[in-house]
Amino acid sequence: MSTILPLILKDVAVRRRGKRLLGPVDLTLKSEGLTMIVGPNGSGKTTLLRVMHGVERLSSGSATWAVAEEEARHRQSYVFQTPIMLRRTVADNLRYPLQLIATPRAEVETRIARWAKRIGLEERMGLQATRLSGGEKQKLALARALIRKPDVLFLDEPCANLDGASTRDIESILQTALSEKTRIIMTTHDLGQAKRLARDAIFMLHGVVHETGLATGFFSAPQTAELQAFFRGDIIA
Amino acid sequence: MNDIYEGLVAAFWLVVTLDSDLMQISLRSLQVSLSALLIASAIALPLGTFLAIRRFRFRRLVISLLNALMGLPPVVVGLIVYILLSRSGPFGVLGLLFTPTAMIIAQVIIITPLIASITHQAMRELWAEYHDLLISLNTSPWQRIKTLIWDGRRNLLTASLAGFGRAIGEVGAIMIVGGNIDNATRVLTTAIALETGKGDFALALALGFVLIALAIGINICIHWLSRTEREGRW
Ligand SMILES: Nc1ncnc2c1ncn2[C@@H]1O[C@H](COP(=O)(O)OP(=O)(O)OP(=O)(O)O)[C@@H](O)[C@H]1O
Ligand SMILES: [Mg+2]
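Calculation rules
Think of each chain on its own: its residues are numbered from 1, step by step along the sequence as written. Labels follow written order: the first chain is A, the first ligand is 1, and so on. Selection of residues for local features in this predicted model requires a pLDDT of at least 70, selection of side-chain atom pairs for listing and counting requires 80 or more, and totals for whole chains, interfaces and linings are taken over all residues. Side-chain numbers come from the whole structure's heavy atoms, not from hydrogens or water. By definition, any uninterrupted DSSP run of H or I lasting at least four residues is a helix, any uninterrupted run of E lasting at least two residues is a strand, and each is numbered from the N terminus. Only protein chains enter the accessibility calculation, which uses a 1.4 Å probe; a residue whose area is less than 20% of its type maximum is buried, one above 50% is exposed, and one in between is partly exposed. Throughout, a residue-residue contact means that at least one pair of heavy atoms, one from each residue, lies within 4.5 Å. Donor atoms are limited to N, O and S found within 2.8 Å of the metal ion, a distance that becomes 3.2 Å for Na, K and Ca. With water left out, some sites might look partial. Nearness is defined per residue: one heavy atom within 4 Å of the molecule or strand is enough. By the criterion applied in these results, polar contacts are pairs of N or O atoms within 3.5 Å in which, for protein atoms, one can donate a hydrogen and the other can accept it, and in which residues neighboring in sequence qualify only through two side-chain atoms. Under the convention used here, a 1.4 Å probe and the Shrake-Rupley method define accessible areas, while residue burial counts only the protein chains that appear. Two strands pair if DSSP finds at least two bridges between them. In this description, a line fitted to the C-alpha atoms serves as the axis of each element, helices being fitted only across the stretch in contact, and the angle between N-to-C directions of two axes falls anywhere from 0 to 180 degrees. By definition here, a helix of n residues has an expected span of 1.5 Å times n minus one. Stacked, tilted and edge-to-face are the three classes assigned to paired rings of Phe, Tyr and Trp, where Trp is represented by its six-membered ring and a pair needs centres within 6.5 Å; plane angles under 30 degrees give stacked, over 60 edge-to-face, the rest tilted. Here's the idea: put two parts together, see how much 1.4 Å probe accessible area each one loses, and the total over both is what we call buried area. For this document, the term salt bridge refers to a Lys or Arg side-chain nitrogen within 4 Å of an Asp or Glu carboxyl oxygen.

Student: Explain the overall build of chain B here, please?
Tutor: A tally of regular secondary structure across chain B gives ten helices and zero strands. Each helix and strand of chain B, placed in order from N terminus to C terminus, yields the pattern α-α-α-α-α-α-α-α-α-α. With respect to the three principal axes, the spread of C-alpha positions in chain B is 65 × 50 × 30 Å. Looking at chain B residue by residue over its 234 residues, the buried ones come to 44%. Here the analysis covers contacts within chain B between residues at least 6 apart in sequence; of these, 73% occur between residues at least 24 apart.

Student: What is the right way to look at the coordination of the magnesium ion (ligand 2) in this model?
Tutor: Only A:Thr46 (OG1) and A:Gln81 (OE1) from the protein reach the magnesium ion (ligand 2) as donors, at distances of 1.9 to 2.3 Å. Taken together, the positions of A:Thr46 in helix 1 (residues 45–53) and A:Gln81 in the loop between strand 5 (76–79) and helix 3 (90–100) put the pair 35 residues apart, joining distant regions of the chain.

Student: Help me understand the site of ligand 1, please; the structure alone is not making it clear to me.
Tutor: All names here are of chain A. In the region of ligand 1, 15 residues are neighbours, and Asn41, Gly42, Lys45, Thr46 and Thr47 sit closest. Between ligand 1 and Gly44, the relevant distance is 3.0 Å, taken from an oxygen atom to a main-chain nitrogen or oxygen of the residue. In this structure, an oxygen atom belonging to ligand 1 sits 2.9 Å away from a side-chain N or O atom of His189. Taken by itself ligand 1 offers 650 Å² of open surface, and the protein chains cover 65% of this. Secondary structure elements with two or more residues in the shell around ligand 1: strand 2 (19–29) and helix 1. If you tally residues by element for the shell around ligand 1, the top one is helix 1, at three residues.

Student: Would you mind showing me how to read the sheet that holds strand 6 (residues 152–156) of chain A here?
Tutor: Two pairing modes exist for strands in a sheet, parallel and antiparallel, and in both the strands are linked by backbone hydrogen bonds. Residues and elements named next belong to chain A. With mixed pairing, the six strands of this open sheet are ordered in space as 5-6-7-3-8-9. Here the strands that pair on one side only, and so sit at the sheet edges, are strand 5 and strand 9 (208–214). For this sheet the average axis-to-axis angle between neighbouring strands, irrespective of direction, equals 15 degrees. Relative to strand 9, strand 8 (residues 200–205) runs antiparallel, the two sharing six bridges. In the strand pairing of strand 9, Asp200 is matched with Leu214. Packing against the sheet, helix 9 (residues 225–232) makes contact with strand 3 (34–38), strand 8 and strand 9, and its axis sits at approximately 95 degrees to strand 8.

Student: Help me out: how do you make sense of the pairing of strand 1 (residues 7–16) of chain A in this one?
Tutor: When a strand is regular, its side chains alternate between the sheet's two faces. Residue and element names in this part refer to chain A. Note that strand 1 and strand 2 share seven bridges and pair antiparallel. Looking at strand 2, one finds that Arg16 is bridged to Lys19. Counted between consecutive antiparallel strands, the loop separating strand 1 from strand 2 contains two residues, among which Arg17 sits at a positive phi close to 50 degrees. Judged from the four bridges that link them, strand 1 and strand 4 (residues 60–64) form a sheet pairing that is antiparallel. What sits directly across from Lys10, in strand 4, is Ser62.

Student: Teacher, can you tell me more about helix 7 (residues 153–168) of chain B here?
Tutor: Each α-helix winds once per 3.6 residues, and so residues spaced three or four apart point in a common direction. An ideal rise of 1.5 Å per residue puts 22 Å on 16 residues; helix 7 of chain B measures up with 22 Å between its terminal C-alpha atoms. By the burial criterion, the buried members of helix 7 of chain B are B:Arg153, B:Leu156, B:Ala159, B:Ser160, B:Leu161, B:Gly163, B:Phe164, B:Ala167 and B:Ile168.

Student: Help me understand the packing of aromatic side chains in this model?
Tutor: The description of an aromatic ring pair rests on the distance of the ring centres and on the angle between the ring planes. All names here are of chain A. For the structure shown, the criterion picks out ten aromatic pairs over all chains. When the ring of Tyr78 is compared with that of Phe80, the centres are 4.6 Å apart and the planes differ by 40 degrees; the resulting orientation is tilted. For the residue pair Tyr78 and Phe80, the accessibility class agrees, reading buried in each case. Aromatic side chains Tyr78 and Phe154 sit 6.1 Å apart centroid to centroid with 35 degrees between the ring planes, which places their arrangement in the tilted category.

Student: I keep staring at helix 9 (residues 188–198) of chain B and nothing clicks. Help me out?
Tutor: Those residues of helix 9 of chain B that sit buried are B:Leu188, B:Thr189, B:Thr190, B:Ala191, B:Ile192 and B:Glu195. Taken from the residues just after helix 9 of chain B, B:Gly199 is the one with a positive phi, measuring 90 degrees.

Student: How should the environment of A:His206 be read in this particular structure?
Tutor: Residue and element names in this part refer to chain A. Tracing the chain through its elements places His206 in the loop between strand 8 and strand 9. Classification of His206 as exposed rests on a relative accessible area of 59%. In the structure, His206 is positioned 168 residues away from Val38 in sequence and 12 Å away in space, judged by C-alpha atoms. If near-sequence neighbours (up to four positions away) are discounted, His206 is found in contact with Ser43 and Ala237.

Student: Which parts of the structure should I look at to understand the interface of chain A and chain B?
Tutor: Accessible area lost upon the coming together of the parts is a frequently used measure of interface size. Tallying the contact residues gives 23 residues for chain A and 18 residues for chain B. Interface area for chain A against chain B, summed over the two sides, is near 2,000 Å², with a carbon-plus-sulfur share of 47%. At the junction of chain A with chain B, the criterion picks out three salt bridges. Among the salt bridges present, the one from B:Asp151 reaches A:Arg88, with a minimum N-O distance of 2.6 Å. Looking at which element gives the most residues to the side of chain A that touches chain B, the answer is helix 3 of chain A, with four residues.

Next comes the structure, spelled out in structure tokens:
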């Protein structure tokens, strides 16, 4: 299977109502592993992730994959910061992405059963997804994103609101996906998690990429004063 | 007061004896309005959903047009359909005037804007909720419409019920295009108008009670169907 990477962002900017939310950003995403995006609230992490996924309108610049747009769109998934539940049962939420691409019925049922087990919701399969707890919704959204076996997975703070055990569950699911060569790009506010998972990292500040690097150097020896301040938990000017 | 009492008694006997005229008229009413409902829903549900999710150039215009059409007086619709179907009109060769088909056509025109408008409102809300997910999953426009219709089906049921209520109670248009012909195009509402005109209040009232019972019955039926389905799923 050929990969859809690299993704190349060239001079990307997003402006809304005269305000610049993002950019200019030049960035190339290649290889395997997990890229962690960190930064203060409102620094443009979500906007950047949405730009990469192709669901945010660009004001200028371009985002291009190694393959045609249509194929690339097909082979990536996205988990939103606030999970979006279809007004259907948990099982039907898992079934939905597979239905869209006409998957054989037997295959669909096997995958649903496997994912139900992995996120610990076997007992809740017949429940309306909108009735799940916040944490359960996040797990379901992750399973629904992975059930199509995407090449690239975008996650926007998948573990916000989760307790320690659930966070570990999700991290182990992500580790498994990584070992199966899924490329992951995610955001988090949990620096411990960032260190545990990241292969490389991006520090966003005021809508631009302020610092990038391989995880080893990024976390132990940040170059810019702002990233150092961010790690210390200081307010960044 | 006496009239109402007599009407009730007459209605009771007409119903328990399964009066053949009454049955025929009621069944025709149901047949005409349910057919109109089916056709109008097939047009209005996708149309309303489409208007909610697609931004195009004349979207606002289409929506205001729809709202304006919703206020069309049925009598005027009847008149226009009459002219179109009359022997000298463009569709005269089809010979549809004074048939149940003509009545169905008129009712479709009357209730389609209503159903489409209610659908549009409900679907706009659902679309705002689903938008990011459906875009992210790379759904085709048709898949989006199907998803919204399926997940919003309870709202759509309400929209359709409103349409049915308007259709079964409508008299102006079907009187004109159907002609209220005995054994052919007479339905509950036109029969009521006729009997009232003749001064037979008892029969008119009896027919009126049957009409009300039908309207309420259909409503209860559909709500009951949707409830059992919900209980089955939850
Ligand atoms: N449509 C819009 N119009 C105007 N401003 C917007 C719009 N969408 C987002 N913003 C602003 O853009 C900035 C960046 O938002 P973004 O969601 O990318 O931040 P973030 O880094 O993900 O923050 P958080 O950590 O809180 O999730 C914010 O200040 C936000 O208020
Ligand atoms: Mg965010």
